[in-house]
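Structural description and commentary
In case you want the letters, here they are:
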Amino acid sequence: MRLTKLEHAALVLEDSGDRLFIDPGKFTTPITEAQGTLAVVITHEHDDHWTPAQLDRILEQSPDARIFGPAGVAAAASGYAVETVRAGEERELGPFRLRFFGGRHAVIHPAIPVIDNLGVLVNDALYYGGDAFTAPEGVDVDVLAAPAGAPWMRLSEAMDYVEAVAPRRAFPTHEMLLSRAGKDLANARLAWAAERAGSAYLALEPGDTIDF
C-alpha cells in the first residue's frame, strides 16, 4: 500500500490500482487523478477537509466511490450519499479495512459549538485522527499523521500526541495555514517528540509517499 500526502489534511492511499481518499478539502490542489477510487473518508464537516467541488471531481472519475463520515458530515453533505459511521465501527472495501475512533472535534473556543469528528485507522497501519488528538487504543500504529498547526491545537499537544501514540513512523499534516518558517518549526518539534517515543519522523511535503 502506498500513501501519498496531498496539501493540508488530504491523503490518498493506493493498493493494486484501488484508491482511498481522506479529507480532500479547500486547501488541497484540485484532485485530477481519481480513477479506481473505492471510497472517500471525511473526518468532519469543515471545508478544509472536504468540499463539494473535490467530491465531484472524484465522483466524475469513480462514480461508484462510497463516502464515509460521521453524522455531521452526512448532514453537511446532504447532496451526497454519505454513509454515516460511528466510533467503534469498521468497514471493508477492496484492499482497505477502515476502523473509526473518537467522535468529537477538539475545542476551538468555548463559544464555538463542538462538532462530530472521527479518526480513521486504515489496515491497522495508518492512523489519522482528523481534528482531534484521540488515540486508537490497543493499536500498534505503523504510520501516524500528526497535525502540525490549527486554530484548535497547540504544538505542544501534537508533540504529546506523537509520544502517546508512539508510532513506528510519523509525518506532518494539517499545515497549510503555516508559513514556511512555521512548517520548519513544527517539523523540528514533532521530530523531537518522535525521537523521544522511539519513532522515525518523516517531514513529508505534498506529493511525497510512504510505502507500507
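What counts, and where the lines are drawn
- Residues numbered from 1 in each chain as written.
- Predicted model: local features only at pLDDT ≥ 70, side-chain atom pairs only at ≥ 80, totals over all residues.
- Heavy atoms only, no water.
- Helix = DSSP H or I, 4+ residues; strand = E, 2+ residues; numbered from the N terminus.
- Buried < 20%, exposed > 50% of the residue type's maximum accessible area, 1.4 Å probe, protein only.
- Contact = heavy atoms within 4.5 Å.
- UniProt positions renumbered as here; feature names shortened; annotations may be inferred.
- Pairing = 2+ DSSP bridges.
- Axes fitted to C-alpha atoms, helices over the stretch in contact; angles between N-to-C directions.
- Parallel < 35°, antiparallel > 145°, perpendicular 65-115°, else oblique.
- Left-handed = near helix turned anticlockwise from the far one by under 90°.
- Nonpolar A, V, L, I, M, F, W, Y, C, P; charged D, E, K, R; others polar.

**Focus: the environment of Pro 167**
Tracing the backbone through its elements, the reader meets Pro 167 in the loop between α3 (155–165) and β12 (169–173). For Pro 167, a relative accessible area of 2% translates into the label buried. Measuring from C-alpha to C-alpha, the distance between Pro 167 and Leu 185 comes to 21 Å, with 18 residues separating the pair along the chain. Excluding residues within four positions of it along the chain, Pro 167 makes contact with Val 141, Asp 142, Leu 144, Val 162 and Ser 199.

**Quick word on the UniProt feature "domain: Metallo-beta-lactamase" (unreviewed entry) in the chain**
Per the UniProt record, "domain: Metallo-beta-lactamase" (unreviewed entry) is found at residues 7–174. Taken end to end, residues 7–174 has its terminal C-alpha atoms 8 Å apart, with 16% of it in helix and 33% in strand.

**Regarding the pairing of strand β7 (residues 90–93)**
Sheet topology places β7 next to strand β8 (residues 96–104); four bridges connect them, and they run antiparallel. Across the sheet, Leu 93 pairs through a bridge with Phe 96, a residue of β8.

**Side note on the packing of α3 against helix α4 (residues 180–197)**
At their nearest, the axes of α3 and α4 sit 8 Å apart, and the two run at 30 degrees to each other. With respect to each other, α3 and α4 are oriented roughly parallel. Note on packing geometry: the crossing formed by α3 with α4 is right-handed. Of α4, the residues touching α3 (which contributes Leu 155, Ala 158, Met 159, Val 162 and Glu 163) are Leu 185, Ala 186, Arg 189, Leu 190, Trp 192, Ala 193, Ala 194, Arg 196 and Ala 197. Here the residues of the contact of α3 with α4 are counted per class, giving eleven nonpolar, no polar and three charged.

**Focus on the sheet that holds strand β1 (residues 2–5)**
Spatially, β6-β5-β4-β3-β2-β1-β14 is the arrangement adopted by the seven strands of the open sheet, whose pairing is mixed. For this open sheet the edge positions go to β6 (82–84) and β14 (209–211), each flanked by a neighbour on one side alone. For this sheet the average axis-to-axis angle between neighbouring strands, irrespective of direction, equals 20 degrees. By the bridge criterion, four bridges tie β1 to strand β2 (residues 11–15) in an arrangement that is antiparallel. Pairing of Thr 4 across the sheet is with Val 12, part of β2. Across the sheet, helix α1 (residues 52–61) touches β3 (18–22), β4 (37–41) and β5 (66–69), and the angle it forms with β4 is around 165 degrees.

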